[in-house]
Amino acid sequence: MDQRTDLTQFAEKIEQLREQIAQVVVGQRDTVDLLLTAVIANGHVLIEGVPGVAKTLLARLLAKLIDARYSRVQFTPDLMPSDVLGTNVFNMKTQDFDFHRGPVFADIVLVDEINRAPAKTQAALFEVMEERQVTVDGMTHQMGDFYTILATQNPVEQEGTYKLPEAQTDRFMMKITVGYPSLDEEVEILRRHHQNQRLTSLDGISPILTKNELTELRQRLDDVFVDEAMMRYIAAVVQQTRQSKAVFLGASPRASVALLQASKAFALLQGRDFVAPDDVRRVAPSVLQHRLILTAEAEMEGVTPLKAVQRLMEKVEVPK
């Protein structure tokens with residue numbers, strides 16, 4: 001297929017991002033590609049993994065590589081919605097209320113251990129994630145077009161944690177699972193530590209992308225060609241989640257749109273301006289797994305949402 005869009009400059013920037021991330025985070029190439037896919041597709045990301053696999057480091061590093069306003073908020077059981085969104089404070093000089101912005105006011109917001117806060121604090125993110133705005137005491141405050149939330153959570157520790165509501169998980173474009181490194185990757189981690197490299201220090205890291213450049217990259221999504229057969233393929237995959245016997249609640253049309261946008265962004269990362277079936281297959285597990293509720297029988301059989309997505313993908317005919 002003929003190339004309709006010049007992706008040379010785009011590819012150079014992406015490769016610079018990958019190289020810079022690789023200097024700090026060992027391995028995790030698939031995780032990095034999925035994270036870049038979600039950011040380019042203008043989606044929020046939920047990063048899940050056991051402690052010590054560089055979830056927070058990866059999110060901090062990505063924020064550092066983009067020249068944008070960045071803030072971090074550590075979710076804890078005693079955190080209140082006003083601690084996240086901000087609050088109105090009475091000003092004695094002006095005899096009026098001044099709005100003090102919370103950490104959610106930034107371009108990139110890292111929400112660390114999002115499942116440690118109670119439901120009312122998690123719900124404080126509903127509006128800002130979907131509508132890019134915050135309403136406090138009847139006043140609406142708009143966020144920028146670039147607004148992105150990167151959240152982390154620990155899947156194994158249950159004490160002091162709260163399950164994320166389905167309405168909130170559905171607002172994350174992707175849930176990316178960070179696994180353990182391979183043997184060679186772990187040896188490289190040890191080698192770097194032995195050489196006294198401060199792996200968690202991001203001092204000296206310079207931004208590679210500006211907000212305007214990333215916004216321009218996002219606009220490139222409109223130029224990515226998607227054949228009618230590919231749209232039917234995406235729709236069929238999402239429809240299958242609603243027909244599977246292992247799934248109690250399937251994905252919504254929001255998931256279909258997210259899968260389309262993520263597929264287009266992943267295609268751009270591969271240097272193509274058209275979506276291929278492999279693009280859909282690569283991003284579908286991350287786009288769909290957190291949106292499914294399995295039946296009790298499936299859970300008893302050891303089926304996970306990720307396995308359910310992988311199985312149902314096999315049932316959908318791939319367009320030629």
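Residues numbered from 1 in each chain as written. Predicted model: local features only at pLDDT ≥ 70, side-chain atom pairs only at ≥ 80, totals over all residues. Heavy atoms only, no water.

### Some points on the side chain of Q122
Let me state the cut-off plainly: Secondary structure counts use DSSP, requiring at least four H or I residues in a row for a helix and at least two E residues in a row for a strand, with both numbered from the N terminus. Any N or O atom pair separated by 3.5 Å or less is treated as a polar contact, with the protein-specific requirement of one donor-capable and one acceptor-capable atom, and with residues adjacent in sequence counted only for side-chain atom pairs. The contact definition used throughout considers only heavy atoms, calling two residues in contact when any of these lie within 4.5 Å.
Among the secondary structure elements, Q122 is positioned in helix 5 (residues 119-122). Reaching out from Q122, the side chain makes a polar contact with the backbone oxygen of A117 at a distance of 2.8 Å. Contacts of Q122, omitting those with residues within four sequence positions, involve I114, N115, A117, Y162, K163, L164, P165 and Q168.

### Concerning the environment of I40
Residue placement: I40 occurs in helix 2 (residues 29-40). For the pair I40 and Q16, spaced 24 residues apart in the sequence, the C-alpha separation amounts to 15 Å. Other than its neighbours up to four places away in sequence, I40 contacts F10, I14, L214, L217, R218, L221, A265 and L269.

### Considering the pairing of strand 4 (residues 86-91)
Note the following rule: A strand pair is defined by DSSP finding two or more bridges across the two strands.
Bridge count for strand 4 against strand 5 (residues 96-101) is six bridges, and the pairing is antiparallel. For N91, the partnering residue across the bridge sits in strand 5 and is D96. What sits between the antiparallel neighbours strand 4 and strand 5 is a turn of four residues, in which Q95 has the positive phi angle 55°.

### Some thoughts on the pattern of salt bridges
Quick reminder of the rule: We define a salt bridge as a side-chain nitrogen of Lys or Arg found within 4 Å of a carboxyl oxygen belonging to Asp or Glu. Each residue is placed in one exposure class: buried if its accessible area under a 1.4 Å probe, protein chains only, is under 20% of its type's maximum, exposed if it is over 50%, and partly exposed if it falls in between.
If you walk through the whole model with that rule in mind, you get 17 salt bridges. For R282, the salt bridge is made with D30, and the minimal N-O distance between the two is 3.3 Å. With R282 in helix 12 (residues 277-288) and D30 in helix 2, this residue pair connects regions lying 252 residues apart in the sequence. R282 sits in the partly exposed class, given a relative accessible area of 38%. Close ionic contact of D170 with R254 constitutes a salt bridge, the shortest N to O distance being 2.8 Å. Of this pair, D170 sits in the loop between helix 7 (166-169) and strand 10 (172-177) while R254 is found in helix 11 (residues 253-269), placing the two residues 84 residues apart along the sequence. A single network of salt bridges, built from pairs that share partners, joins E15, R18, R29 and D33.

### A short note on the side chain of T152
Mapped onto the fold, T152 is located in strand 9 (residues 148-153). A polar contact of 2.5 Å, which involves the side chain of T152, links it to the side chain of D112. Contact partners of T152, with chain neighbours within four places excluded, come to I47, K55, T56, L110, V111, D112, E113 and I114.

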